[in-house]
Amino acid sequence: MTQGHWFWFWLTALSVLWYSTITIYVTIKGYADIGRMLHELRQQRDKSHGEIKPNRDHGETR
Amino acid sequence: MDLLLAQTHFSFWIDGSIVGLYLLATMWTGLYVRKYVHRVEDFLVAGREMNLYLGIASLAATEFGIITCMYTAQSGYLYGFAGVMPGLCQALAMFMIGVTGFCVKPLRDSGAMTLPELFERRFGAFVRWLAGVVIVMGGLLNMGVFLKIGGDFLCLVCGFNISNLVWIMTALLLLVMVYTILGGMLSVLVTEFLQFVVMSAGLLAVTILVLYQIGWSRLVDTVEQHHGVGGFNAFIHPSLGWDYVLFQIIGTTASTLTWQTTVARLLASKDSSTGRKIFTQTSFFFVCRWLIPGIWGIAALATLGWMPLGELSTQELAAVPVVVQEKISGSPIGKPLDSLSDAEKSELGPFVVNKLNDTSLHAMPRFLSRFLPIGLMGLLIAAMLAADMSTDSSYMLSWGSVIYNDIMAPFRKRPWSNRKAILWNRCIVGLIGVYLLVFGLFYKLEGNVWSFMLLTGSIYLSSMSVLLVACCYWPRANNWGALGAIILGAIVPIVQLTMEKLPSTKAYAAAIGPDIAGIAAFVAAAVGMIIGSLLKPHNLEKS
């Protein structure tokens, strides 16, 4: 089956297998990373805007 | 021949809907996160809040565009499995750099936003400015062919007339520019995550179908038949050889260390440890990046064969004398004009010559246009659009950041407000977009695309990698050496590219070849650094 070119055969098989696995894994973990990154940026923005900030829901300050 | 002229399987309604859905999702995501951009750090390095898995997705998506797919498939078509060698070299380089932290640890720990910013601390403000100019010049020259080749791919796969190329290029660019200009690195990172998912699904589905339907044995037989033993070993392939392999090892190591888009991911990571993990865990992707499209290229050779005349329309073919047609048909793979005399070449005219030269580059999209069923065709186009958009956006932003941060640094006597800085960055990204469109329309690329890209890239890869290594590990390095490395490292590839374009020196350039010229650029940069640094008197160094 490999016709003597075992290196390329196994490298191709490994590439397809590794890429499939990493795609699923990175999709799940990366989604969580985005959530964390946006959360951090929101916190930094709130800090830099100071303590007094309009409350969007009630039009008050907190 | 029938296969070349046959219609594509692209269905406007089914495949078009899949593509439309993907584009809508990307635009919405890119525009949604723009509200988090408040400081220039958010715009350029996403506030340095990028974590490991987002970094892996982003780096993988950036480093795979339609252009990548086209030149790696062209390598597979032209050289068989031996064409995958650059991927193996880059994977090894990336893994070793990630494990050892060679250069990347001190670079990330320095807190710099770009490479030239780090160089300023060691070599002074002028070297920072000059390094910025060289990085932008090499990077933009390299990037100039992206849109044109992306447009070529989409026209061929969808069966659109090639005269629509300008409109396709413009539309692609506008979509990318909108979210890159508004959201900067933050939009780029989040859209790249989506693009990574779509791109990977498309690449895997098409590869599995190719392996299942064409079969491993047929792929191996094709390589053996057309390339012999050299098709499996780059060292003994007649068109590659030791100089090619050596240039790949040097060039891919240098690009891992200093390629602006890769460096931007390192600098956007939370810390140097996260940056190094991104390198080690993304390294094997670079094997896939070359092997997967390389297999598509080999499959194109297996099904279409070497048929340069298939590129010509019936009218163009009728105008070519039968003797010349026979010579072109019997030419070696990738060299359709090799057996023709100068008189015969000039008789063909530049338009037909260009079309014949594009045969190897167009083989893969022509093959896919007939091979893929409806539905999977839509997924492939969405995947390729995803790949291309992520690359374009990231490249525009990365080189834009060097223009703002380093080339414009002397014009900012006092720090600018975030509002002004972000506005300037947006304008720079917009101008890079306009340049891409104009360059893509007018520049005619000849020969192997990857060789062109590595050679244009070495205008800055050679000097910047030498500067980075010297900056981190050679206490004797100074600004004289840095200037020597930048000047000598840039001169060699620029002279080679100019010689390739001038009729009187074209033959000399071909005899030297891009690989020897590329190696010479790195040697020249290293010599410039060593001699320049040693020549500077000690009293001047202290002052």
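To start, this report covers the structure provided alongside it. (Residues numbered from 1 in each chain as written. Chains lettered and ligands numbered in written order. Predicted model: local features only at pLDDT ≥ 70, side-chain atom pairs only at ≥ 80, totals over all residues. Heavy atoms only, no water.)

### Examining the packing of helix α10 (residues 146–158) of chain B against helix α11 (residues 165–213) of chain B
All names here are of chain B.
Now for step 1: The interhelical angle for the contact between α10 and α11, taken along N-to-C directions, is 115 degrees, at an axis separation of 9 Å. Considering how the two elements wind past one another, α10 and α11 form a crossing that is right-handed. Across from Leu-147, Lys-148, Gly-151, Asp-152, Leu-154 and Cys-155 in α10, the residues of α11 making contact are Leu-165, Ile-168, Met-169, Leu-172 and Leu-173.
Now for step 2: Taken together, the residues that form the contact of α10 with α11 break down as eight nonpolar, one polar and two charged. (Axes fitted to C-alpha atoms, helices over the stretch in contact; angles between N-to-C directions. Helix = DSSP H or I, 4+ residues; strand = E, 2+ residues; numbered from the N terminus. Left-handed = near helix turned anticlockwise from the far one by under 90°. Contact = heavy atoms within 4.5 Å. Nonpolar A, V, L, I, M, F, W, Y, C, P; charged D, E, K, R; others polar.)

### Details of the pattern of salt bridges
All names here are of chain B.
Now for step 1: In this structure the tally under the stated criterion is seven salt bridges over all chains.
Now for step 2: One salt bridge connects Glu-117 with Arg-121, and the closest N-O pair in it is separated by 3.8 Å. Taken together, the positions of Glu-117 and Arg-121, both in helix α8 (residues 115–123) and four residues apart, correspond to about one turn of that helix.
Now for step 3: Taking relative accessible area as the criterion, Glu-117 reaches 17% and is therefore assigned buried.
Now for step 4: Here Lys-327 makes a salt bridge to Glu-344, at a shortest N to O gap of 3.1 Å. Taken together, the residues span a long stretch of sequence, with Lys-327 in helix α18 (residues 322–329) and Glu-344 in helix α19 (residues 342–348) at a distance of 17 residues. (Salt bridge = Lys/Arg side-chain N within 4 Å of Asp/Glu carboxyl O. Buried < 20%, exposed > 50% of the residue type's maximum accessible area, 1.4 Å probe, protein only.)

### Thoughts on the environment of B:Leu454
All names here are of chain B.
Now for step 1: Relative to the assigned elements, Leu-454 resides in helix α24 (residues 449–473).
Now for step 2: On the basis of relative accessible area, Leu-454 is assigned to the buried category, the value being 6%.
Now for step 3: When neighbours within four sequence positions are excluded, Leu-454 is seen to be in contact with Phe-247, Gln-248, Gly-251 and Leu-461.

### Topic: the interface of chain A and chain B
Now for step 1: Listed by partner, the interface residues are 32 residues for chain A and 46 residues for chain B.
Now for step 2: Taking both sides of the interface into account, the surface hidden between chain A and chain B amounts to around 3500 Å²; carbon and sulfur atoms contribute 75%.
Now for step 3: For the pair chain A and chain B, the number of links is zero salt bridges.
Now for step 4: Inspection of the region where chain A meets chain B yields five residue pairs in polar contact (both at pLDDT 80 or more). (Buried area = accessible area lost by both parts, 1.4 Å probe. Polar contact = N/O pair within 3.5 Å; in protein donor to acceptor, adjacent residues only side chain to side chain.)

### Some words on the side chain of B:Ser269
Residue and element names in this part refer to chain B.
Now for step 1: Locating Ser-269 in the fold gives a position in the loop between α14 (260–268) and α15 (272–282).
Now for step 2: Overall, Ser-269 belongs to the buried group, its relative accessible area being 0%.
Now for step 3: Engagement of the side chain of Ser-269 in a polar contact is seen with the backbone oxygen of Leu-266, the distance being 2.4 Å.

### Some remarks on helix α4 (residues 52–62) of chain B
Every α-helix winds through 3.6 residues per turn, so residues three or four apart in the chain are directed the same way.
Now for step 1: The element α4(B) is extensively covered by neighbouring structure, given that 11 of its 11 residues are classed as buried.
Now for step 2: Turning to α4(B), its buried residues number three or more, namely B:Leu52, B:Tyr53, B:Leu54, B:Gly55, B:Ile56, B:Ala57, B:Ser58, B:Leu59, B:Ala60, B:Ala61 and B:Thr62.

### Comments concerning the side chain of B:Thr191
Now for step 1: Secondary-structure assignment places B:Thr191 in helix α11.
Now for step 2: Residue classification places B:Thr191 among the buried positions, given a relative accessible area of 0%.

### Concerning the packing of aromatic side chains
For any pair of aromatic rings, the description rests on two quantities: the centre-to-centre distance and the angle between the ring planes.
Now for step 1: Summed over all chains, the structure comprises 19 aromatic pairs over all chains.
Now for step 2: Taken together, a centroid distance of 5.5 Å and an interplanar angle of 50 degrees make the contact between B:Tyr71 and B:Trp290 tilted. Of this pair, B:Tyr71 sits in helix α5 (residues 66–79) while B:Trp290 is found in helix α16 (residues 285–304), placing the two residues 219 residues apart along the sequence.
Now for step 3: The buried category is assigned to B:Tyr71, whose relative accessible area is 3%.
Now for step 4: Note on B:Phe367 and B:Phe371: the rings are 4.9 Å apart at their centroids and 25 degrees apart in plane angle, and the pair reads as stacked. Pair noted here: B:Phe367 and B:Phe371 are both in helix α21 (residues 359–371), with a separation of four residues, about one helical turn.
Now for step 5: With a relative accessible area of 2%, B:Phe367 lands in the buried category.
Now for step 6: By relative accessible area, which is 15% here, B:Phe371 ends up buried.
Now for step 7: Clustering of aromatic rings is evident, with ring pairs tying together A:Trp6, A:Phe7, A:Trp8, A:Phe9, A:Trp10, B:Phe81, B:Trp216 and B:Phe232. (Phe/Tyr/Trp six-rings, centres within 6.5 Å; stacked < 30°, edge-to-face > 60°.)

### Describing the environment of A:Trp8
Now for step 1: Position of A:Trp8 relative to the elements: it lies in helix α1 (residues 6–48).
Now for step 2: Exposure remark for A:Trp8: the relative accessible area of 7% places this residue in the buried category.
Now for step 3: Between the alpha carbons of A:Trp8 and A:Gln43 there is a distance of 49 Å; along the sequence they are 35 residues apart.
Now for step 4: Every residue in contact with A:Trp8, bar those within four places of it in the chain, is listed here: B:Phe81, B:Val84, B:Leu88, B:Trp216, B:Phe232 and B:Leu291.

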